[in-house]
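Structure at a glance
This is what each chain is made of:
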Amino acid sequence: MLLLVLGTAAGGGIPQWNCACPGCSGARAHPCRRRRHASLAVRAGEGRWYVVNATPDLGDQIEAHPGLHPGPGPRQTPLAGVVLTDAELDHTLGIPRLREADCLQVLATAPVRQALLDRLHLGDVLTPYTSVTWRELPRRGAEPLDAETAGGLRITGIPVSGKRPRYAADAPDDDAWVTALRLYDPATGGTALYAPALAAWPDHFQRAAEEADCVIVDGTFWDDEEPRRTGISSRTATGMGHLPIEGPGGTAERLARLSARCLYTHLNNTNPLVDPAAPQHKRLARLGLEVAHDGMVIEL
Ligand code: MLT
Ligand code: MN
Ligand code: ZN
């Protein structure tokens, strides 16, 4: 299994266009600190790639990785589809960027698909440009990620929470608003678990994490008070639907007990980890945990 980390920032990116916080200013002064919106490219088979979440940076993310470039035909692309973990804008605004495609396959759970069709009107908007095929993200058991690749990667969606995007706050309850993805390669036996949005840590997610070789999770906020302390919100991290890294009930102590390689992604620009000199990096290193970076390649 080959995974390319296309981006590791939460909504807004780092730097965020209207933000002069230390994290964003630091990234303007030091371009190596820039992070694009969180996304992963997954190789389903030879020349067949899927992106997990379609971010506003998708065009640049494709250009940054030669394996995702088109060719040899003039409009031949290795991008076979998009898999969505949720309906948040930072994970879906890239879908209209793909309108030049002949056809587009989108894997999502039912509530996520419904939000994109009924609230963002992506079906109506995209129909004159391209043909979108919606596929249900499998929840009970693994299915082939790519129908055209025999013996290729298998995917399972693991519901993690009912957190809805703000634009769909009054939409019906459903436990599949936010999903983690389990990717399994039958050829190598490798398993990855990708959960860029974690409002809760249900038992079935814990079991999936125990079985995985690599776990990549929500690292939006370092601690629960960070959004209030930095003045970006009146809510805590948990209240905003992101389990914090540090503290009781935080993700670090849970990850540290796993045997998997564990990495954080979806960092908010207020997270001290966006500064490579922050002491919090030493704390993670002592626990054996990593922070993912843009351009990272993971082979399993
Ligand atoms: C989130 O991760 O909580 C959302 O993406 C927030 C947002 O961008 O509005
Ligand atoms: Mn987000
Ligand atoms: Zn900022």
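Criteria and thresholds
- Counting restarts for each chain, with residues numbered from 1 along the sequence as it is written.
- Both sets of labels track the order of writing: A upward for chains, 1 upward for ligands.
- Totals for whole chains, interfaces and linings use every residue, but because this is a predicted model, local features are given only for residues with pLDDT of at least 70 and side-chain atom pairs only at 80 or more, for both listing and counting.
- Note: side-chain values were computed over all heavy atoms of the structure, leaving out hydrogens and water.
- Nearness here has a simple test: a residue counts as near a molecule or strand if at least one of its heavy atoms is within 4 Å of that partner.
- Any N or O atom pair separated by 3.5 Å or less is treated as a polar contact, with the protein-specific requirement of one donor-capable and one acceptor-capable atom, and with residues adjacent in sequence counted only for side-chain atom pairs.
- Amino acids are sorted into nonpolar (Ala, Val, Leu, Ile, Met, Phe, Trp, Tyr, Cys and Pro), charged (Asp, Glu, Lys and Arg) and polar (every other residue, Gly among them).
- Strand pairing is assigned whenever DSSP identifies at least 2 bridges connecting the two strands.
- The numbering of helices and of strands both runs from the N terminus, where a helix is a DSSP run of H or I of at least 4 residues and a strand a run of E of at least 2.
- Axis lines are fitted to C-alpha atoms, over the contacting stretch for helices. Their N-to-C directions set the angle, which ranges from 0 to 180 degrees.
- In what follows, residue pairs with any heavy atoms lying within 4.5 Å of each other are defined as contacts.
- With water excluded from the atoms, a metal site may look incomplete; its donors are any N, O or S atoms within 2.8 Å, or within 3.2 Å for Na, K and Ca.
- For every residue, the accessible area obtained with a 1.4 Å probe (protein chains only) is divided by the maximum for its type, and the residue is called buried under 20%, exposed over 50%, and partly exposed between those limits.

Quick word on the site of ligand 1
Surveying the vicinity of ligand 1 reveals the residues Glu88, Asp90, Lys163, Arg166, His242 and His266. The contact in question runs from an oxygen atom of ligand 1 to an N or O atom on the side chain of histidine 242, over 2.7 Å. The side chain of histidine 266 places a nitrogen or oxygen atom 3.4 Å from an oxygen atom of ligand 1. A breakdown of the residues in the shell around ligand 1 according to their chemical character gives no nonpolar, 2 polar and 4 charged.

So, the sheet that holds strand β3 (residues 48–52)
Ordered by their spatial adjacency, 7 strands build an open sheet running β6-β5-β4-β3-β2-β1-β14, and the pairing between neighbours is mixed. The sheet is open, and its two borders are formed by β6 (131–136) and β14 (297–299), each paired with just one other strand. Ignoring which end each strand starts from, the neighbouring axes of this sheet average 25 degrees apart. Docked against the sheet, helix α4 (residues 110–118) engages β5 (103–108) and β6, running at close to 155 degrees with respect to β6.

What about the coordination of the manganese ion (ligand 2)?
Protein-derived coordination of the manganese ion (ligand 2) comes from Asp90 (OD) and His266 (NE2), at a distance range of 2.1 to 2.3 Å. Of the two residues, aspartate 90 is situated in helix α3 (residues 89–92) and histidine 266 in the loop between β12 (261–265) and α9 (280–286); the sequence distance between them amounts to 176 residues. A single burial state applies to aspartate 90 and to histidine 266, both of which are buried.

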